[in-house]
Amino acid sequence: MIWNEKQETMPREELEVVQLRRLQAQVERIYATVPYYRQKMNDAGVSPGDIKTLADIRRLPFTTKEDLRKNYPFGLFTVPLERVVRIHASSGTTGQPTVVGYTKRDISMWAEMMARSLSAAGVTKSDIVHNAYGYGLFTGGLGAHYGAEEIGCAVIPISGGNSKRQIQIMKDFGSTVLLSTPSYALNLADTMAEMGVKPSDLKLRVGVFGAEPWSEQMRQEIEKRLQIKAIDIYGLSEVLGPGVAIECVEEQHGLHIMEDHFLAEIVDRDTFEPLPVGEKGELVFTTLTKEAFPVIRYRTKDISHLIRDVCTCGRSFYRMPKVTGRTDDMLIIRGVNVFPSQIEEVLMKCEGVEPHYQIVVEREGSLDSIEVQVEVSEEVFSDEVKVLEGLGKKIQNDIKDLLGISAKIKLVEPKSIQRSEGKAKRVIDNRKL
Ligand code: DLL
């Protein structure tokens, strides 16, 4: 179902008129209220009056995580704190967390974006939504919660963790929709198997997964093991939280960007020059309606491209293919660019290998080495050494074929790699770069 038919199917020409009007108003407001942005625009020699067409957005300076850090915690808010009703922050694995704020209107816009997203996944008010995204500073839990309530679903605010209890509750309450990170969904599938609970003992029919990269192979695995449809949802705190883009259940091919609220660009990941349609690069977002924490040309570091084809679902919004990597989790191993998702792709194609893995990077002298630790199934693990060796060799060859690098493969016993309750940690980089 399309939640907001008028907006989501708006003809492109009309949409562009709305986008331009909103962009102009947004730029004006930011310029008038945030000295930091005003300075940056002055330095770039651009003023709000210069934005006459959508293409003029290219004249505006980018915003990066660095800008957010410099203004920690509230320096980039465009409204006084009296008008802020919610604050979230990203965990910040490196350095300071980034802090974002929302007014009442931002929260209701966000609830609508999430209601649109869940509707695109086929969720209706008759559903019982098991929300296992973390509640707290992370935007996943509350962001998804408000959207599901907006639709009128019965929401179970279970948050992450305590997997056995989660399974019990899904079973007892008859949850029909699961919201979690894809890695946690697999974690739940493992726990179900341990408890002897079969998919047919549950009423789950669809899952809406995001907050971390996951491959097509991983989607198949989740769909098979939980017997559900697995839909990809994308978002980031700096721009909104979950609900910036969503796959439709009709196509499951590319995520529709909520373009009436977020303007997307793709830029070259090295030169930051805008790229022609269809070319892969870094995703950049400008918010068009956010009040408390708007961003102009925020560089996400996520890699994707734009699909402009009309979609059979009827939505006119452009799509972006699944985000499978970030410019900053790209590993450079002996000069070769490697994304963890590429290694995941190889692993998930191998029989007997479990979808739990970690990549450890070391530097010995001046040479980088990479070890892929991956769990194998119980049967494989207790099989003969020869079988294990054969499997290790196969993975090594497949990685070599795909990426041209030699990786050491360590097959480890089931359940030995730490499970996540939220975002999985795939890479341990021990190099002191
Ligand atoms: O992860 C918001 C979110 C919550 C999205 C729940 C979807 C579901 P942050 O913690 O700020 O916000 O992390 C944002 O996570 O820049 C991507 O690198 C990554 N990411 C989010 N969704 C996807 C996805 C939330 N579907 C960062 N596929 C983003 C790949 C994703 N990566």
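## With respect to the environment of V177
Consideration 1: The topology assignment puts V177 in strand β5 (residues 177-180).
Consideration 2: Distance from V177 to G122, taken between C-alpha atoms, is 9.7 Å for residues 55 residues apart in sequence.

## Observations concerning helix α10 (residues 340-348)
Consideration 1: Of all nine residues that make up α10, seven are buried, and the element is covered over most of its length.
Consideration 2: Looking at the buried side of α10, the elements it contacts are α9 (216-226), β15 (336-338), β16 (353-364), β17 (367-376), α12 (385-403) and β19 (427-429).

## A word on the nonpolar core
Consideration 1: If you look at the biggest cluster of nonpolar residues, it comprises 72 residues, and the most contacted ones within it are V123, Y234, F262, F285 and M320.
Consideration 2: Examining the composition of this core, we find that eight residues originate from one element, helix α5 (residues 104-120), more than from any other.
Consideration 3: Ignoring sequence-local partners within four residues, the contact set of M320 consists of Y234, A245, G254, L255, I257, L283, F285, S304 and H305.
Consideration 4: Membership of the second largest hydrophobic core comes to 25 residues, among which are V346, I359, I370 and L391.

## Points about the sheet that holds strand β7 (residues 229-236)
Consideration 1: If you trace the eight strands from one edge of the open sheet to the other, you get β4-β3-β5-β6-β7-β8-β9-β13, paired in mixed fashion. If you trace the sheet from one side to the other, it starts and ends with β4 (154-156) and β13 (319-320), each paired once.
Consideration 2: Strand direction decides the pairing type here: strand β6 (residues 206-210) and β7, joined by five bridges, are parallel. If you follow V208 over to β7, its bridge partner there is I231.
Consideration 3: Sitting on the sheet, α5 is in contact with β5, β6, β7 and β8 (241-247), with an inclination near 30 degrees to β8.
Consideration 4: In this fold helix α6 (residues 139-151) packs onto β3 (128-131), β4, β5 and β8, with an angle of close to 65 degrees to the strand it touches most, β8.

## As for the site of the ligand
Consideration 1: Surrounding the ligand, one finds 20 residues, the nearest of these being D232, I233, S237, D302 and K423.
Consideration 2: Within the contact set of the ligand, a nitrogen atom lies 3.5 Å away from a backbone nitrogen or oxygen of P213.
Consideration 3: Taken by itself the ligand offers 600 Å² of open surface, and the protein chains cover 93% of this.
Consideration 4: Elements supplying a minimum of two residues to the shell around the ligand: α6, β7 and β8.
Consideration 5: For the shell around the ligand, the element with the highest residue contribution is β7, accounting for five residues.
Consideration 6: For the shell around the ligand, the class distribution of residues is nine nonpolar, six polar and five charged.

Calculation rules
- Here, residues in each chain are numbered from 1, in the same order as that chain's written sequence.
- pLDDT decides what is reported in this predicted model: residues at 70 or higher carry local features, side-chain atom pairs at 80 or more are listed and counted, and totals for whole chains, interfaces and linings draw on all residues regardless.
- Side-chain metrics in this entry use all non-hydrogen atoms of the structure; hydrogen atoms and water are not considered.
- Every helix listed is a DSSP run of H or I at least four residues long, and every strand listed is a run of E at least two residues long, numbered separately from the N terminus.
- Think of it in three bands: with a 1.4 Å probe and only protein chains considered, a residue is buried below 20% of the maximum accessible area for its type, exposed above 50%, and partly exposed in between.
- Only heavy atoms matter for contacts: two residues are in contact if any of them lie within 4.5 Å across the pair.
- In these notes, a set of buried Ala, Val, Leu, Ile, Met, Phe, Trp, Tyr and Cys residues joined through side-chain atoms within 4.5 Å is what counts as a nonpolar core.
- Strands were regarded as paired on the criterion that DSSP finds at least two bridges between them.
- Every axis corresponds to a line fitted to the C-alpha atoms, with the helix fit spanning only the stretch in contact, and the corresponding angles, defined between N-to-C directions, vary from 0 to 180 degrees.
- Residues are labelled near a given molecule or strand when at least one of their non-hydrogen atoms is within 4 Å of it.
- In protein, a polar contact means a hydrogen-donor-capable atom and an acceptor-capable atom, both N or O and within 3.5 Å, with residues adjacent in sequence counting only if both atoms are side-chain atoms; elsewhere, any N or O pair within 3.5 Å suffices.
- Areas reported here follow the Shrake-Rupley algorithm with a probe of radius 1.4 Å; residue values treat only the protein chains shown as occluding.
- Under this grouping Gly is polar, as are all residues other than the nonpolar Ala, Val, Leu, Ile, Met, Phe, Trp, Tyr, Cys and Pro and the charged Asp, Glu, Lys and Arg.

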